[in-house]
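# Structural characterization, general
Residue-level listing of the chains:
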Amino acid sequence: MPAEPADGGTETAMETRGLGPVPDGERGGRVRELVPTWVAANISVLLLTMGAGLVIFNRLNIWQVLVVAVAAPVVSYGLVGLISIAGKRGGAPGMALSRAVFGQRGNLFPGALIWVARWGWETINAVSGAYAVLTVLDLLFGIRSSTTLIVVTLLFFVGCTFVVSGLGISALRVCSKWSTYLFGAFSALVLGHLLLTTDWPAVLGKPAGSTAMMVAGIGTIAAGGISWVPSGPDFTRYLPRTASSRAVVGATIGGAGIVVLPMVLMGAVMAVGTPDLATAQDPVSFIGELLPTWIAVPYLLIALVGMLLINSMSMYSAGFTAQTLGIKVPRAWAVGVNAAISLVFGFLLMVVATRFFGSFISFLTLLAVAFSAWIGVFGVDMLRRTGYDGPALLDTTRTSAYWYRGGFAWQAMTAWAVALVVGLLFTRVEWFGGPLAGTWIGRNGLGWAAGIVTSGVLYAVLPRTAPAAAAPAPEREPEPERAGSLSN
């Protein structure tokens, strides 16, 4: 297989750059731009449903939900931020940088698993977006859902997703910025309505649940964030090498936490008066029942834009992943493959599935396990590494510095495979249960954590295989920024 071209193109309205590392002269990004990026990645009414699940299924009180809503984004998006540092170092997408860790052929295995896992995430968001459109049509015009209308709304949502993600990073940044402002304004309206109409004695008087269920709740909410970890470098590759690593992590956690915290808390408050919220087949229509129409309709429309952005960001990264698997098409066309798949799976979930929330939580749990094995290996490698060899990342022949032995870095492959099995052993979902799922780790939903620890420790103790050629000189880290600064 010949070496891949280092496709170029500057950062314009239509991004043409693929896997090729971004030259230093084109790295004009700012760390503060990550805040709206990760705000947009979490603008989803599914967080309301998940917050309700903490009350209904985990039986937590509002104070325990507050702990979960703070801890979950710190844990999950802390990992996203840490792995994102590799993006500014190497200037390439996460799964392209992963070739330096697993080898040119070895990277195909975690890459394929992560690509397939994204199908499910994009399907869930496409379904949520379609439900939002259906709910708005019902509230404004009294149009009831039907199979034909489901197909039309799915086509509309996925089509918009394809356009935005196909345009590239500039379009995503613009959409993220304005959706952040609008979503924040209308979330304040929803919060104000809840403050005035909620039965607060019932909310505050709810007894506490077990610590185990609180830990499990952190794992459930964190699972969504963990799914973004391999994509983190995709959104930092336009940052200068001298950008503060600490600021990258802070902006990532801050952007996500701004949304996750109030949304999860609002869902928990809503669930006290509407316990059916967490078990509804349709995870969106309850908003029309709990809020006045003048708030519900614009809020759903803004949430629809948010879910569209989430899917656009996921498909943006999925396009890179598809290219690393050897699919020889431009990134925008690679996005189309995922769009078509989410259409088919979305239709099946909306028409065939009988319980949305159970399917969603099961999927999130398995998604986190699937990504965890990669996270541990890549994270330990990043801590050891001083730089990435750009030409070697694109060279898929035996001449690549990242060819290792037969195209495989066997230490990374071994740690990844073992951790994947370990994670599944401790995991239980609706349709699958590992033999160790009854242990403390399994009962607390920490199979993904077991995967990260296993892969990281195993990879750290195995002997290293040096690349065939020397990597670039170490980068020079800037002086620490003052507290609170998010700009580069």
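Residues numbered from 1 in each chain as written. Predicted model: local features only at pLDDT ≥ 70, side-chain atom pairs only at ≥ 80, totals over all residues. Heavy atoms only, no water.

Under an unreviewed UniProt entry, the name given to the chain is Allantoin permease, and the source organism is Streptomyces amritsarensis. Of the chain, the UniProt comment under Subcellular location (unreviewed entry) reads exactly: "Membrane". The heading Sequence similarities (unreviewed entry) in the UniProt record of the chain holds the text "Belongs to the purine-cytosine permease (2.A.39) family." (UniProt positions renumbered as here; feature names shortened; annotations may be inferred.)

## A look at the overall build of the chain
A tally of helices and strands in the chain yields 19 helices and two strands. For the chain, with 488 residues in total, the buried portion stands at 59%. The long-range fraction of contacts in the chain, counting pairs at least 24 apart against all pairs at least 6 apart in sequence, stands at 87%. (Helix = DSSP H or I, 4+ residues; strand = E, 2+ residues; numbered from the N terminus. Buried < 20%, exposed > 50% of the residue type's maximum accessible area, 1.4 Å probe, protein only. Contact = heavy atoms within 4.5 Å.)

## Overview of the pattern of salt bridges
Evaluation of the coordinates by the stated rule reveals four salt bridges. Here Arg385 makes a salt bridge to Asp381, at a shortest N to O gap of 2.9 Å. Classification of Arg385 by relative accessible area gives buried; the value is 12%. Judged by its relative accessible area of 2%, Asp381 is buried. In the salt-bridge network here, residues are joined through shared partners; they are Asp24, Arg27 and Arg241. (Salt bridge = Lys/Arg side-chain N within 4 Å of Asp/Glu carboxyl O.)

## Regarding the confidence of the model for the chain
Note: predicted coordinates in regions of low pLDDT should not be interpreted at a detailed level. Averaged over the chain, the pLDDT score is 81; the fraction of residues at 70 or greater is 83%. Low pLDDT, under 50, characterises residues 470–488; the predicted model gives this stretch 41 contacts beyond four residues in sequence or across chains. (pLDDT = per-residue confidence, 0-100.)

## Observations regarding the packing of helix α6 (residues 108–141) against helix α13 (residues 293–324)
Direction vectors running N to C along α6 and α13 enclose 160 degrees, while the axes themselves pass 9 Å from each other. Accordingly, the angle class assigned to the pair α6 and α13 is roughly antiparallel. Both α6 and α13 take part in a crossing whose hand is left-handed. Looking at side-chain class alone, the contact of α6 with α13 contains 19 nonpolar, 10 polar and two charged residues. (Axes fitted to C-alpha atoms, helices over the stretch in contact; angles between N-to-C directions. Parallel < 35°, antiparallel > 145°, perpendicular 65-115°, else oblique. Left-handed = near helix turned anticlockwise from the far one by under 90°. Nonpolar A, V, L, I, M, F, W, Y, C, P; charged D, E, K, R; others polar.)

## Topic: the packing of aromatic side chains
Going through the model one piece at a time under the given rule, you end up with seven aromatic pairs. Their ring planes at 15 degrees and their centres at 4.5 Å tell us that Trp374 and Phe378 sit as a pair that is stacked. Residue Trp374 and its partner Phe378 are located together in helix α15 (residues 356–384), separated by four residues, close to a single helical turn. A residue is classified by how much of its surface remains accessible, and Phe378, at 0% relative accessible area, is buried. (Phe/Tyr/Trp six-rings, centres within 6.5 Å; stacked < 30°, edge-to-face > 60°.)

## Some points on the packing of helix α3 (residues 62–90) against helix α10 (residues 211–226)
Orientation of α3 relative to α10, taken along the N-to-C sense of each, is 40 degrees, at an axis distance of 8 Å. By the criterion of interaxial angle, the relationship of α3 to α10 is oblique. The interaxial crossing formed by α3 with α10 has right-handed handedness. Side by side, α3 and α10 meet where Gln64, Val67, Val68, Ala71, Ala72, Ser76, Tyr77 and Val80 of the first sit next to Met214, Gly217, Ile218, Ile221, Ala222, Gly225 and Ile226 of the second. Tallied by class, the residues present in the contact of α3 with α10 amount to 11 nonpolar, four polar and no charged.

## Things to note about a nonpolar patch on the surface
Together, Trp63, Leu66, Val70, Val74 and Leu204 make up an exposed nonpolar region whose accessible area comes to about 460 Å². For the nonpolar patch, the element with the most residues is α3, which contributes four residues. Within the secondary structure, Trp63 is located in helix α3. For Trp63, a relative accessible area of 55% translates into the label exposed. (Patch = residues over 30% accessible without salt bridge, like charges linked within 9 Å, V, L, I, M, F, W, Y side chains within 5 Å. Areas by Shrake-Rupley, 256 points an atom, 1.4 Å probe, with all protein chains shown as cover.)

## Thoughts on the side chain of Asp234
Residue placement: Asp234 occurs in the loop between α10 and α11 (245–273). Among the polar contacts made by the side chain of Asp234, one reaches the main-chain amide nitrogen of Gly94 at a distance of 2.7 Å. Beyond its immediate sequence surroundings of up to four residues, Asp234 is in contact with Pro93, Gly94, Tyr316, Ser317 and Phe320. (Polar contact = N/O pair within 3.5 Å; in protein donor to acceptor, adjacent residues only side chain to side chain.)

## Some thoughts on α3
Under the 1.5 Å per step criterion, the end-to-end length of α3 is 43 Å for 29 residues, consistent within 8% with the ideal 42 Å. For α3, the buried fraction is high: 21 of the 29 residues fall into the buried class. Where α3 starts, the residue carrying a side-chain oxygen 3.2 Å from the main-chain nitrogen of Trp63 turns out to be Asn61. Taken from the residues just after α3, Gly91 is the one with a positive phi, measuring 70 degrees. (Expected span 1.5 Å × (residues − 1).)

## Remarks on unusual backbone geometry
The backbone of Arg59 sits at a positive phi, close to 60 degrees, despite the residue not being glycine. Within the fold, Arg59 resides in the loop between α2 (46–56) and α3. One non-glycine residue with positive phi stands out, namely Tyr404, at about 55 degrees. Positionally, Tyr404 belongs in the loop between α16 (390–394) and α17 (410–425). Of the residues examined, Tyr404 reaches a relative accessible area of 18% and is grouped as buried.

## Focus: the environment of Val133
Here Val133 shows up in helix α6. Each C-alpha atom, one on Val133 and one on Leu149, is 9.9 Å from the other, the two residues being 16 residues apart in sequence. Those residues in contact with Val133 that sit more than four places away from it in its chain are Thr153, Phe156 and Leu304.

## What to know about the nonpolar core
Membership of the largest hydrophobic core comes to 140 residues, with the highest contact counts inside it found for Trp38, Trp228, Ile287, Trp374, Phe378 and Tyr388. Ranked by residues supplied to this core, first place goes to α15 with 16 residues. Setting aside its immediate chain neighbours within four residues, Ile287 contacts Val45, Leu48, Ala296, Tyr299 and Leu300. (Core = buried A, V, L, I, M, F, W, Y, C linked by side-chain atoms within 4.5 Å.)

## What about α10?
For α10, built from 16 residues, the straight-helix expectation of 22 Å at 1.5 Å per residue is met to within 8% by its first-to-last C-alpha distance of 22 Å. Listed as buried for α10 are Met214, Ala216, Gly217, Ile218, Gly219, Ile221, Ala222, Ala223, Gly224, Gly225 and Ile226.

## Remarks on the environment of Leu140
By the secondary structure assignment, Leu140 is in helix α6. Exposure remark for Leu140: the relative accessible area of 45% places this residue in the partly exposed category. Spatially, the C-alpha atom of Leu140 lies 8.0 Å from that of Val297, the residues being 157 residues apart in sequence.

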